[in-house]
Amino acid sequence: MPRAHPSLFLIGIYQELLAHYGRQGWWPLLRLQQGAPNPTGRGQYTGYHPSDYVSPTSEGEILEVMVGAILTQNTSWVNAEKGVHDLHTGGFINISEILTIDQDLLAEIIRSSGYFNQKAIKLKNLCRFLSENPISALQEKSLSEVRAMLLGVNGIGPETADSMLLYALKKPIFVVDAYTKRLFSRLGLVRMKPGYDELQLLFRSEISPDLVIYNEYHALIVQHCVHVCKSKPDCDACFLTDRCPKKIAIRVPKKKPKTAGKGGKGSKADIKMPVKSIRDEKKK
């Protein structure tokens, strides 16, 4: 049976993920820590905002998201979030403060995020860029223009740039990460270990740019891959198995046959002599 057109397949997956997990409310913000819903069940210093696609609203919150996008590189959100919180507690989520603070001290503050020395440099590079290109000016530029500018900042790659564009500057671009590659290669939409541009092109060509869908879709993929489609997937708990040619069956290990004697399987201690041979031995 031929597979449905990719656009129908992609929308179908999105609808199933959304029906199962609900709206995620990304990007989590520090001001929503108290009493805000947390659909992901991860983190403790920030809160999510389901169905609110206006946030972040202030330039301070936009910077917070951009800082978080750097700190979450090569680590979990839990570790990155603590770094964001510690920066905020010290009053350092501010362009001028990050530019003037001693680099070693900055690295120590964000230690929880891992690779903290490199990330301290990246934060300074980001803030140097933002001091020359104000957030308000970036918001007025086209998606392609701002993306090219962000990619010109040392330490900002495609995934980080696109996270900033989508969740901070609210420009409709689909964020591709390791979870996206894992899920859609297993679903057979792309080859194993697809390139970043390959997956982004697939989404852009099959689903018209839409801030809400791109926002939720990426967040929902992360949710599904963190809890179900893990590196060792829990296929029995997955509601996408009817769409997935890569379903991994749970194999019950076969019981090893018991062996007689101390010699183990195939040893001389396990070989029984025929009755006739035993009699012959006795005659000798």
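Summarised in this report is the structure supplied together with it. (Residues numbered from 1 in each chain as written. Predicted model: local features only at pLDDT ≥ 70, side-chain atom pairs only at ≥ 80, totals over all residues. Heavy atoms only, no water.)

**A few points about the state of the cysteines**
Across all of its chains, the model carries zero disulfides by this definition. C235 takes part in no disulfide bond, and the closest cysteine sulfur, belonging to C244, lies 6.3 Å away. Looking at C235, the relative accessible area reads 12%, which means it is buried. (Disulfide = S-S within 2.5 Å. Buried < 20%, exposed > 50% of the residue type's maximum accessible area, 1.4 Å probe, protein only.)

**As for the packing of aromatic side chains**
Under the defined criterion, the tally for this structure stands at twelve aromatic pairs. Their ring planes at 75° and their centres at 6.1 Å tell us that W26 and W27 sit as a pair that is edge-to-face. Each member of the pair, W26 together with W27, is buried. When the ring of F174 is compared with that of Y217, the centres are 5.9 Å apart and the planes differ by 85°; the resulting orientation is edge-to-face. Note that F174 is positioned in the loop between α9 (158–168) and α10 (178–186) and Y217 in helix α12 (residues 211–227), a separation of 43 residues in sequence. Both residues of the pair, F174 and Y217, belong to the buried class. The structure contains a cluster of three or more aromatic residues connected by ring pairs, namely Y14, F174, F184, F203, Y214 and Y217. (Phe/Tyr/Trp six-rings, centres within 6.5 Å; stacked < 30°, edge-to-face > 60°. Helix = DSSP H or I, 4+ residues; strand = E, 2+ residues; numbered from the N terminus.)

**Points about the side chain of Q200**
Mapped onto the elements of the fold, Q200 is located in helix α11 (residues 196–206). Owing to a relative accessible area of 5%, Q200 belongs among the buried residues under this scheme. Non-local contacts of Q200, meaning those with residues more than four positions away in its chain, are made with R147, D162, I173, F174 and V176. (Contact = heavy atoms within 4.5 Å.)

**As for unusual backbone geometry**
Following W26, the chain continues into W27 via a peptide bond in cis, with omega recorded as 0°. One can find W27 in the loop between α1 (6–21) and α2 (59–71). With an omega of 0°, the peptide bond running from S55 to P56 counts as cis. For P56, the position within the fold is in the loop between α1 and α2. Even without being a glycine, N74 presents a positive backbone phi close to 60°. Considering the arrangement of structural elements, one finds N74 in the loop between α2 and α3 (77–89).

**Section: the nonpolar core**
Nonpolar side chains tend to gather and get buried jointly when the protein is soluble and globular. Among the nonpolar cores identified, the biggest contains 81 residues, and L87, L123, L150, F184 and Y217 are the most heavily contacted of them. Those residues in contact with L150 that lie beyond four places of it in its chain are M66, F129, I156, A161, M164 and L165. (Core = buried A, V, L, I, M, F, W, Y, C linked by side-chain atoms within 4.5 Å.)

**Topic: the packing of α10 against α12**
The N-to-C vectors of α10 and α12 enclose an angle of 75°; their axes lie 9 Å apart at closest approach. Judged by the angle between their axes, α10 and α12 are roughly perpendicular. Touching Y179, T180, R182, L183 and F184 of α10 are Y217, H218, I221, V222, H224, C225 and V226, all from α12. Across the contact of α10 with α12, the residue classes break down as eight nonpolar, three polar and one charged. (Axes fitted to C-alpha atoms, helices over the stretch in contact; angles between N-to-C directions. Parallel < 35°, antiparallel > 145°, perpendicular 65-115°, else oblique. Nonpolar A, V, L, I, M, F, W, Y, C, P; charged D, E, K, R; others polar.)

**With respect to the pattern of salt bridges**
With the rule as written, the count across this model stands at seven salt bridges. Across the pair K141 and E145 runs a salt bridge, and its minimum N-O distance is 3.6 Å. Exposure remark for E145: the relative accessible area of 38% places this residue in the partly exposed category. For R147, the salt bridge goes to D162, with nearest N and O atoms at 2.7 Å. Of this pair, R147 sits in helix α8 (residues 143–151) while D162 sits in helix α9, and the two are 15 residues apart along the sequence. (Salt bridge = Lys/Arg side-chain N within 4 Å of Asp/Glu carboxyl O.)

**Quick notes on helix α6 (residues 116–132)**
Helix length check: α6 (17 residues) gives 24 Å between terminal C-alpha atoms against 24 Å at 1.5 Å per residue, within 8%. Turning to α6, its buried residues number three or more, namely F116, K119, A120, K122, L123, K124, N125, L126, C127, F129 and L130. (Expected span 1.5 Å × (residues − 1).)

**A short note on the environment of L202**
Along the chain, L202 turns up in helix α11. The class of L202 is buried, set by a relative accessible area of 14%. For the pair L202 and F174, spaced 28 residues apart in sequence, the C-alpha separation works out to 9.9 Å.

**Looking at the layout of surface pockets**
Leftover empty space is mapped by rolling, across the atoms, a probe with the size of a water molecule. Size it by volume and the largest pocket reaches roughly 510 Å³. The wall of the largest pocket is formed by 21 residues, among which T72, T75, E159, D177 and Y179 lie closest to the centre. Secondary-structure elements contributing two or more residues to the lining of the largest pocket are α9, α10 and α12. Of all the elements, α9 adds the most residues to the lining of the largest pocket, at three residues. Taken together, the residues of the lining of the largest pocket sort by class into ten nonpolar, eight polar and three charged. (1 Å grid on protein atoms, 1.4 Å probe; cavity = no way out; pocket = protein on both sides within 12 Å on 5 of 7 lines; lining within 4 Å. Points joined across faces, edges and corners; volume = space filled by probe spheres on them.)

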